[in-house]
Amino acid sequence: MKSGIGIIKKLFLWYALLIFIFYGTLVILYIDVNQMMRLSDNIINRYQKVSSFSKKMIENLLSMEENEKKYILLKKKDYLDFFVDAREAFEYNLNQVMQLESPEYQLPDTWRDLFDSYQDFSAGKGDRSTYESSDTLWIAEQEIDAWIKKLRRARLENEQNIILANIELNQWGQSAVKYGVAGLGISIFIGLIWILVIARTMVRPLRALGKGIRSITKERFSQPIDIRSNDEFGELAAAFNEMAKRLKEEELMRAEFITTLSHEIRTPLTSIRESVNLIVEKVMGPTNRQQTKFLKIASSEIGRICELLNHLMHVSRLEESVFKVEPVPADPLVFVIKSIDHLNPNAKGKGIHIDLKIPPSIPEIIGDTRHLQQVMLNLLGNAIKFSRTGSKIEVIVTHDDKRDVVQYAVSDNGDGIRPSEQTLIFDKYYRGREVREHMDGVGLGLNISRQIVEAHQGKIWVESEVGRGSTFFFTLPTAAGFNGKNNHRQPHGKLNSERPEGGKTANE
């Protein structure tokens, strides 16, 4: 598979998009803040100065008029000094205002008119000596009134400019907030989309891979993982599917090999066993007591090997073919009682008592009692094997009317099962660490039981505590709880409604 856009490229593209939005927002904010700084500078350095200078100029004109009148009337030199100081202050303030004009800031026409009017009036008016010898007003009251009106009009225009500048400043501030919040919102939205994309392109494939790995761990098989992306996960899924396919092929080859080998071995073993039995029965002639003893031991061991081979062939058939479950309404206790009767001699041999507890009334189940009896035999056989001598085994049958199932429980008083092993004991060929060395078996009974129970739409599980024994549970549907479908199970969890040509049942 050729990679398309890989995970690193996807992450880089999303990161680049976030960086683009982030810096785009910063550029817009910079423009808005720069405009706000310009307006603020105009308000502080121009409009406020114009307002201050214009106020001082009005005070200067009023002071000039007042001191000029007092000097003409009283001829006191102090008033002349005050007049000159006021005039110089007026000219200074007027010049300061005119210097504020620049290419970026144009003064209103009122200021230019005032400046030109004052320049025209003051041209040729003389200096301080001219004022001292004059008996008339240097500035007419009408002229001062006209200048004051112009100054007041200029102040009013300046105040309006301040208001407009503040309004514009507020608008730019709102714009900065709007674009900043918009950029933040878009970034958050893109981030959420990013998370969803990551969840879709990374988390989901990882979950699918994890599910497939757990399936292989539990059942040694996995359905193909459907990951259609062209990135590294797609390549990983393809590699996983190829591995699962090869494992399945190898498992089927191994099962076929075990079936063939078991069949080939069982045939001569059966002949040997029959021959030994004929000798034990003295068909071939008399034998002494010691010969009979050893021949019986040999017959028993051959029988044990044949039973083991039967188990291997049973499991292989479950894997490589379809075994037929024929569910019919059945008494929920018949196969239980038969199993107890069959194993009671073995239990009594160890001094173990099997106690059956059943409710007064219990509905019929839907199942194939041939296979279900094998489940009960496996569970009871294990309980007898692992229970202490002289202990008790309880078989409890109950009806769960909420789920429409009949529940079976087999409790022993053995050493219990470690929590770390409770999820493994239903796996094929698994045997606990404590029993591998001193007990017979190949770890197939519980695996066979699980497949049979699941084929009946039931569930099997264990509850155990180390040192206090174990209880194995399984459920079977009642007539009301059975859906009437999927009652023929294919290997590895698949179900089929037809028996293949030439196929055999699990117990055949």
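The structure under discussion appears in the preceding block.
Numbers given to residues run from 1 along each chain, matching the order in which its sequence is written. Owing to the predicted nature of the model, reporting of local features is limited to residues with pLDDT of at least 70; listing and counting of side-chain atom pairs is limited to 80 or more, with chain, interface and lining totals taken over all residues. Excluded from the side-chain calculations are hydrogens and water; all other atoms, namely the structure's heavy atoms, are used.

**Student:** Whenever I open this one, the nonpolar core confuses me. Can you help?
**Tutor:** Soluble globular proteins: nonpolar side chains tend toward being buried together. For our purposes a nonpolar core is just a set of buried Ala, Val, Leu, Ile, Met, Phe, Trp, Tyr and Cys residues, chained together by side-chain atoms within 4.5 Å. Exposure categories follow from relative accessible area, calculated using a 1.4 Å probe and restricted to protein chains: below 20% of the type maximum is buried, above 50% is exposed, and the middle band is partly exposed. Counting 36 residues, the largest nonpolar core has Phe335, Tyr408 and Phe474 as its most contacted members. Per the convention used, a helix needs a DSSP run of H or I reaching at least four residues, while a strand needs a run of E reaching at least two, with both numbered from the N terminus. For this core, the secondary structure elements donating two or more residues are α8 (334–349), α9 (369–386), β4 (392–400), β5 (405–411), α11 (445–455), β6 (460–464) and β7 (470–477). The greatest single-element share of this core, amounting to seven residues, is contributed by α9. Core analysis: the second largest hydrophobic core is formed by 33 residues, Val50, Tyr79, Trp111 and Tyr118 among them.

**Student:** I'm lost on the packing of aromatic side chains in this one. Help?
**Tutor:** For any two aromatic rings, the description comes down to two numbers: the centre-to-centre distance and the angle of the planes. Stacked, tilted and edge-to-face are the three classes assigned to paired rings of Phe, Tyr and Trp, where Trp is represented by its six-membered ring and a pair needs centres within 6.5 Å; plane angles under 30 degrees give stacked, over 60 edge-to-face, the rest tilted. Considering all chains together, one arrives at seven aromatic pairs under this definition. On the basis of an interplanar angle of 65° and a centroid distance of 5.3 Å, the ring pair of tyrosine 118 and tryptophan 147 is categorised as edge-to-face. Here the residue tyrosine 118 occupies a position in helix α3 (residues 109–122), and tryptophan 147 occupies one in helix α5 (residues 141–219), the gap between them amounting to 29 residues. Pair check on accessibility: tyrosine 118 and tryptophan 147 agree, each one buried. Aromatic side chains tryptophan 461 and phenylalanine 473 sit 5.2 Å apart centroid to centroid with 15° between the ring planes, which places their arrangement in the stacked category. Here phenylalanine 473 lies in strand β7 and tryptophan 461 lies in strand β6, a separation of twelve residues in the sequence. Take tryptophan 461: its relative accessible area is 22%, and that puts it in the partly exposed class. Taken together, Phe90, Tyr118 and Trp147 form an aromatic cluster joined through their ring pairs. Sitting over the face of the ring of tryptophan 461, lysine 459 holds its NZ or CZ atom 5.6 Å from the ring centroid. Charge-over-ring contacts are defined here by two conditions on Lys NZ or Arg CZ: a distance within 6 Å of the ring centre and an angle within 35 degrees of the ring normal.

**Student:** Where do I start with the packing of α9 against α11 in this structure?
**Tutor:** For any two helices packed against each other, the geometry comes down to the angle between their axes and how far apart the axes lie. A fitted line through C-alpha atoms serves as each axis, taken over the contacting stretch for helices, and the angle formed by two N-to-C directions is quoted from 0 to 180°. Look at α9 against α11: their axes get within 9 Å of each other, and the N-to-C directions meet at 145°. For the pair α9 and α11, the crossing hand works out as left-handed. Seen from α9, the contacting residues are His371, Leu372, Gln374, Val375, Asn378, Leu379 and Asn382; seen from α11, they are Gly445, Leu446, Ile448, Ser449, Ile452 and Val453. Nonpolar residues are Ala, Val, Leu, Ile, Met, Phe, Trp, Tyr, Cys and Pro. Charged residues are Asp, Glu, Lys and Arg, and all others, Gly as well, are polar. Looking at the contact of α9 with α11 residue by residue, the classes come out as seven nonpolar, six polar and no charged. Should the near helix be turned anticlockwise from the far one by less than a right angle, the crossing is termed left-handed; should it be turned clockwise, right-handed. Any two residues having at least one pair of non-hydrogen atoms within 4.5 Å are treated as being in contact.

**Student:** Hey, could you run me through the pairing of β7 in this one?
**Tutor:** Taken residue by residue, a regular strand's side chains alternate between the two faces of the sheet. Along β7, eight of the eight residues are buried, which leaves the element largely enclosed by surrounding structure. Burial along β7 is two-sided: Ser470, Phe472, Phe474 and Leu476 and Thr471, Phe473, Thr475 and Pro477, pointing in opposite directions, are all buried. For two strands to count as paired, DSSP must find a minimum of two bridges between them. Across seven bridges, the pairing between β5 and β7 is antiparallel. Among the inter-strand pairings, valine 406 is bridged to a residue of β7, identified as leucine 476. Relative to β7, β6 runs antiparallel, the two sharing five bridges. Residue isoleucine 460 lies in a different strand from β7, and its bridge partner there is phenylalanine 474.

**Student:** Hey, could you run me through the packing of helix α2 (residues 77–99) against α3 in this one?
**Tutor:** Look at α2 against α3: their axes get within 11 Å of each other, and the N-to-C directions meet at 140°. Our classification of the angle between α2 and α3 gives oblique. Here α2 and α3 pass one another in a crossing that is left-handed. Between α2 and α3, the contacting residues are Arg87, Phe90, Glu91, Leu94, Asn95, Val97 and Met98 on the first element and Trp111, Arg112, Leu114, Phe115, Tyr118 and Ser122 on the second. Its residues assigned to classes, the contact of α2 with α3 comprises eight nonpolar, two polar and three charged. By the definition adopted for this analysis, an angle is roughly parallel if under 35 degrees, roughly antiparallel if over 145, roughly perpendicular if from 65 to 115, and oblique otherwise.

**Student:** Explanation requested: a negative patch on the surface in the structure shown.
**Tutor:** Patch definition: residues with relative accessible area over 30% and no salt bridge; like charges joined within 9 Å; nonpolar side chains (Val, Leu, Ile, Met, Phe, Trp, Tyr) joined within 5 Å. Accessibility throughout is a Shrake-Rupley quantity obtained with a 1.4 Å probe, and a residue counts as covered only by protein chains that appear here. Definition used for salt bridges: Asp or Glu carboxyl oxygen within 4 Å of a side-chain nitrogen of Lys or Arg. The charge count treats Lys and Arg as positive and Asp and Glu as negative. His and the chain ends do not count. We put the charge of a Lys on NZ, of an Arg on CZ, of an Asp on CG and of a Glu on CD. A cluster of acidic side chains, namely Asp109, Asp113, Asp116 and Asp120, defines a negative patch on the protein surface. Note on placement: aspartate 113 falls in helix α3.

**Student:** Would you mind going over the environment of phenylalanine 121 with me for this structure?
**Tutor:** Tracing the backbone through its elements, the reader meets phenylalanine 121 in helix α3. Residue phenylalanine 121 is classed as buried on the basis of its relative accessible area, which comes to 17%. Separated by 18 residues in sequence, phenylalanine 121 and isoleucine 139 have C-alpha atoms that sit 8.7 Å apart.

**Student:** Mind showing me how you'd approach the environment of threonine 292 here?
**Tutor:** Among the secondary structure elements, threonine 292 is positioned in helix α7 (residues 289–320). A relative accessible area of 15% means that threonine 292 is categorised as buried. The sequence separation of threonine 292 and glutamate 281 amounts to eleven residues, and the corresponding C-alpha distance is 8.9 Å. Not counting the four nearest positions on each side in its chain, threonine 292 is found in contact with Val280 and Thr287.

**Student:** What exactly am I supposed to notice about α3 here?
**Tutor:** Counting along an α-helix, one turn takes 3.6 residues, and residues three or four places apart therefore face a common direction. Given the number of residues in a helix, its expected span is that number minus one, multiplied by 1.5 Å. Helix length check: α3 (14 residues) gives 20 Å between terminal C-alpha atoms against 20 Å at 1.5 Å per residue, within 8%. Those residues of α3 that fall on the buried side of the exposure criterion are Thr110, Trp111, Leu114, Phe115, Ser117, Tyr118, Phe121 and Ser122. Considered in projection along α3, the buried side chains sweep an arc of 165° and stay on one side of the axis. Seen from the buried face of α3, the exposed residues on the opposite side, beyond 90 degrees, are Asp109 and Asp120. By definition, the arc is the one covered by directions from the helix axis to the C-beta atoms.

**Student:** Got a minute to help me understand the side chain of serine 411 in this structure?
**Tutor:** For serine 411, the position within the fold is in strand β5. What makes serine 411 buried here is its relative accessible area of 15%. Separated by 2.8 Å, the side chains of serine 411 and threonine 471 make a polar contact. In protein, a polar contact means a hydrogen-donor-capable atom and an acceptor-capable atom, both N or O and within 3.5 Å, with residues adjacent in sequence counting only if both atoms are side-chain atoms; elsewhere, any N or O pair within 3.5 Å suffices.

**Student:** Which parts of the structure should I look at to understand the side chain of asparagine 93?
**Tutor:** Relative to the helices and strands, asparagine 93 resides in helix α2. Relative accessible area serves as the criterion here: at 5%, asparagine 93 is assigned to the buried category. The contact partners of asparagine 93, leaving out residues within four places of it in the chain, are Phe53, Lys56, Met57 and Asn60.

**Student:** How should a nonpolar patch on the surface be read in this particular structure?
**Tutor:** On the surface, Leu184, Ile188, Leu192 and Ile195 cluster together into a nonpolar patch covering about 400 Å² of accessible area. Within the fold, isoleucine 188 resides in helix α5.

**Student:** Looking at this model, I keep getting lost on the pattern of salt bridges. Mind explaining?
**Tutor:** When the charged atoms of two side chains lie near each other, side chains of opposite charge can form a pair. Within this structure, the stated rule accounts for nine salt bridges. Note that lysine 69 is salt-bridged to glutamate 65, the shortest N-O span being 3.5 Å. Placement of both lysine 69 and glutamate 65 in helix α1 (residues 7–74) is noted, with a separation of four residues, approximately one turn of the helix. Classification of glutamate 65 by relative accessible area gives buried; the value is 14%. In this structure, arginine 246 and glutamate 242 form a salt bridge, with 3.1 Å as the shortest nitrogen-oxygen distance. You can see arginine 246 and its partner glutamate 242 sitting in helix α6 (residues 232–280), four residues apart, about one turn around the helix. For glutamate 242, a relative accessible area of 38% gives the class partly exposed.

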